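Observations on chain architecture
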Amino acid sequence: MTQENIELVFSQGTSAKKKGKASARLVFLSEDKAFGKLLKVAPSPEGVIIGLGDEKTADAETIRRAAGSAVQYILKTLGAGSLSLSPKSSKKLLSNRKFLAAFTEGAILSAYSFDKYKTPSEEQQQAAKLTGLHLPVPASREILEAKSVAECANWAREIQNEPANVATPTMLSLLAAKEAKIFGMSCKIFGRAELEKMGMNAILAVGRGSAEEPKLIVLEYLPKSGVAKKKIALVGKGVCFDSGGISIKPSRAMDEMKFDKSGAVAAIATMRLASILKLPLHLVALVPAVENLPSGTAGKPGDIVRAHNGKTIEILDTDAEGRLILADALSFACKEHKPDVLIDLATLTGACVVALGDVAAGLFSNDPSLAKELFEAGMESGERLWELPMMWKDYDEKVKSDVADVKNLGESGQAGATAGASFLKEFVSSGTKWAHLDIAGTAWTTKPRHQFSFKGGTGFGVRLLARYLSKQ
Ligand code: BES
Ligand code: ZN
Ligand code: ZN
């Protein structure tokens, strides 16, 4: 783990003058001043002053981004490893626990980097790492939880960033088993032979091109005391590498397809968080983990398989593999676990990236109140969601196959993200409240962005689900 242990210190006094510490003063400045930008570098004791823009429109995300800028400034420019939030910062910030939590979150997210494989130069060895955050306020539950949430998001980023030669389906299953052991969760791992017996032919169809064994990981969390309020299942797409299979992808940026396991990682990291926060919920994470590779044993376009719920699928494009592995996992989740709520996270379609960019993930749901709750959790966490349509029957028609029950492609050039969701809907039992989150555009970033000062995995989904679950 590259993440340093960041200590939170609460007190009313300033301590910025101590060596190794720098203070950031965050102030609301008039609208015409650039939002979140470094506006002025003041000498000690402030260290740096960061403008937050207009006080009326600033939200928690403004504070997260500003905290990210503060951390980068004190680490890179001042070479200090401990950040104090100046008591001279805006009163609105200092008196609002949500804002203080956002500051903590933004700072911890910004301090993350993936450098475990780099031999450090002497200069890098000397480089400051964030080890302390000093807040001029009393401790609060919101701030302490924000620390756990951000640390779990960074934990997720670390696994996302692991390359495909390390993060294989087997490695993910061992990781889940280790988490289960540490936190007292239960963990079941199904390999090829069990998947065959269970009728998980869609997962097997995707995994058959690789020498790595496909797995279905089922991680279950129950509160240690008291009754669970609800049973919620999280399904995460765990394609440890997506080459496209026989429908092979162009080589440009194919390395990014190591991030195709991001949904799986978010689901596992959320279970870790639930354990740390001792959430009063019954949670089940279901992760189908595979590699999508071309080979002599790989599945071919035109193949027909029978999924776990008995429906037949015509595989017209082996690159639309995420929906195949999710089909079996969603059906299994409904039948074996009968959750009150089912949420899947998947880097499912390039079309969703075209529609929403890296600004929001696609939200699809068969239940308007679930969609609303998730949307709100997105706004609060800064991991924004935007609802796209799925429930109109016309969309269902597009995934009907001529030779099987469904096909894994929609109509060429049309509503690609919805086609993915409509396909998945075929594998969710009617009556199950379900949401599908297409995180293809938000799961990683190709350049540093806001509090994600280090490009790569963003841990998208962990902070969103933290908000959503805490309100159940
Ligand atoms: N993993 C990709 C989706 C993806 C693309 C995620 C770009 C992030 C960035 C997925 O398996 C895929 O290849 N989808 C195809 C589906 C198509 C063949 C219907 C796509 O989006 O092109
Ligand atoms: Zn694909
Ligand atoms: Zn994929």
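Residues numbered from 1 in each chain as written. Chains lettered and ligands numbered in written order. Predicted model: local features only at pLDDT ≥ 70, side-chain atom pairs only at ≥ 80, totals over all residues. Heavy atoms only, no water.

1. So, helix α3 (residues 97-110)
Since the α-helix packs 3.6 residues into each turn, any two residues three or four apart lie on the same face. For α3, with 14 residues, the first-to-last C-alpha span of 20 Å sits near the 20 Å given by 1.5 Å per residue. Burial analysis of α3 places twelve of its 14 residues in the buried class, the great majority of the element. Within α3 the residues assigned to the buried category are Phe99, Leu100, Ala101, Ala102, Phe103, Thr104, Glu105, Gly106, Ala107, Ile108, Leu109 and Ser110. (Helix = DSSP H or I, 4+ residues; strand = E, 2+ residues; numbered from the N terminus. Expected span 1.5 Å × (residues − 1). Buried < 20%, exposed > 50% of the residue type's maximum accessible area, 1.4 Å probe, protein only.)

2. What about the coordination of the zinc ion (ligand 3)?
Looking at the metal site, the zinc ion (ligand 3) is ligated by Lys237 (NZ), Asp242 (OD), Asp260 (OD) and Glu321 (OE), spaced 2.0 to 2.4 Å from it. Taken together, the six donor atoms coordinating the zinc ion (ligand 3) and their angles of 78 to 173 degrees define a geometry best described as octahedral. Sequence spacing of the donor residues for the zinc ion (ligand 3), all on one chain, is K-x4-D-x17-D-x60-E. The distance between the zinc ion (ligand 3) and the zinc ion (ligand 2) comes to 3.2 Å, with Asp242 serving as a donor to both metals. Of this pair, Asp260 sits in the loop between β10 (238-242) and α9 (262-277) while Glu321 sits in the loop between β13 (312-315) and α10 (322-337), and the two are 61 residues apart along the sequence. Like Glu321, Asp260 is buried. (Donors = N, O, S within 2.8 Å, 3.2 Å for Na, K, Ca; no water. Tetrahedral: all angles 85-135°; square planar, octahedral: opposite > 155°, others 65-115°.)

3. A few points about the sheet that holds β13
Strand order in this open sheet of three strands is β12-β13-β17, and the pairing throughout is mixed. In the strand order of this sheet, the two ends are held by β12 (303-306) and β17 (406-407), each with one partner. Both β13 and β17 contribute to a ladder of two bridges, which runs parallel. By the bridge assignment, Ile313 is partnered in β17 with Val406. (Pairing = 2+ DSSP bridges.)

4. Things to note about the coordination of the zinc ion (ligand 2)
Protein-derived ligands of the zinc ion (ligand 2) are Asp242 (OD), Asp319 (O), Asp319 (OD) and Glu321 (OE), with the metal-ligand distances lying across 2.0 to 2.2 Å. Coordination at the zinc ion (ligand 2) is irregular, judged from the six donor atoms that bind it and the angles of 71 to 166 degrees they form at the metal. Ordering the donors of the zinc ion (ligand 2) by residue number gives the pattern D-x76-D-x1-E.

5. Section: the nonpolar core
Within the largest apolar cluster, 98 residues are counted, with the highest numbers of intra-cluster contacts made by Leu26, Leu83, Phe103, Leu374, Leu437 and Tyr468. Ranked by size, the runner-up nonpolar core spans 47 residues in total, among them Met200, Val305, Leu330 and Ala346. (Core = buried A, V, L, I, M, F, W, Y, C linked by side-chain atoms within 4.5 Å.)

6. Examining the site of ligand 1
Taken together, 16 residues lie around ligand 1, and Lys249, Asp260, Asp319, Glu321 and Gly350 are the ones closest in. Separating an oxygen atom of ligand 1 from a side-chain N or O atom of Lys237 is a distance of 3.2 Å. With respect to ligand 1, the side chain of Glu321 contributes an N or O atom lying 2.8 Å from an oxygen atom. Computed on the free molecule, ligand 1 has an accessible area of 510 Å², of which 78% lies beneath the protein chains in the complex. Looking at the shell around ligand 1, its residues break down into five nonpolar, three polar and eight charged. (Near = heavy atom within 4 Å. Polar contact = N/O pair within 3.5 Å; in protein donor to acceptor, adjacent residues only side chain to side chain. Areas by Shrake-Rupley, 256 points an atom, 1.4 Å probe, with all protein chains shown as cover. Nonpolar A, V, L, I, M, F, W, Y, C, P; charged D, E, K, R; others polar.)

7. Quick notes on the side chain of Gln160
Relative to the helices and strands, Gln160 resides in helix α5 (residues 141-161). The buried category is assigned to Gln160, whose relative accessible area is 2%. Only 2.8 Å separates the side chain of Gln160 from the backbone nitrogen of Gly459, close enough to count as a polar contact. Among all residues touching Gln160, those that are not within four sequence positions of it are Lys258, Phe259, Lys261, Ser262, Val265, Ala443, Gly457, Thr458 and Gly459. (Contact = heavy atoms within 4.5 Å.)

8. Remarks on the environment of Asp396
By the element assignment, Asp396 lies in helix α13 (residues 393-397). With relative accessibility at 12%, the residue Asp396 sits in the buried group. Taking C-alpha positions, Asp396 is 7.9 Å from Ala419, a pair spaced 23 residues apart along the chain. Leave out the neighbours within four places in its chain, and Asp396 touches Met390, Ser422 and Lys425.

9. A few points about the pattern of salt bridges
Following the criterion strictly, the structure yields 25 salt bridges and no others. Of the charged contacts, one joins Arg64 and Glu105 as a salt bridge, the two residues approaching to 2.9 Å between their closest N and O atoms. Pair noted here: Arg64 is in helix α1 (residues 60-77) and Glu105 is in helix α3, with a separation of 41 residues, a long-range link. The buried category is assigned to Arg64, whose relative accessible area is 2%. Ionic pairing is found between Glu426 and Lys311, a salt bridge with its closest N-O pair at 2.8 Å. Taken as a pair, Glu426 in the loop between α14 (416-425) and β18 (433-438) and Lys311 in the loop between β12 and β13 lie far apart in primary sequence, 115 residues in all. Several salt bridges converge on common partners, so that one network encompasses Glu61, Arg64, Arg65, Glu105, Glu383, Arg463 and Arg467. (Salt bridge = Lys/Arg side-chain N within 4 Å of Asp/Glu carboxyl O.)

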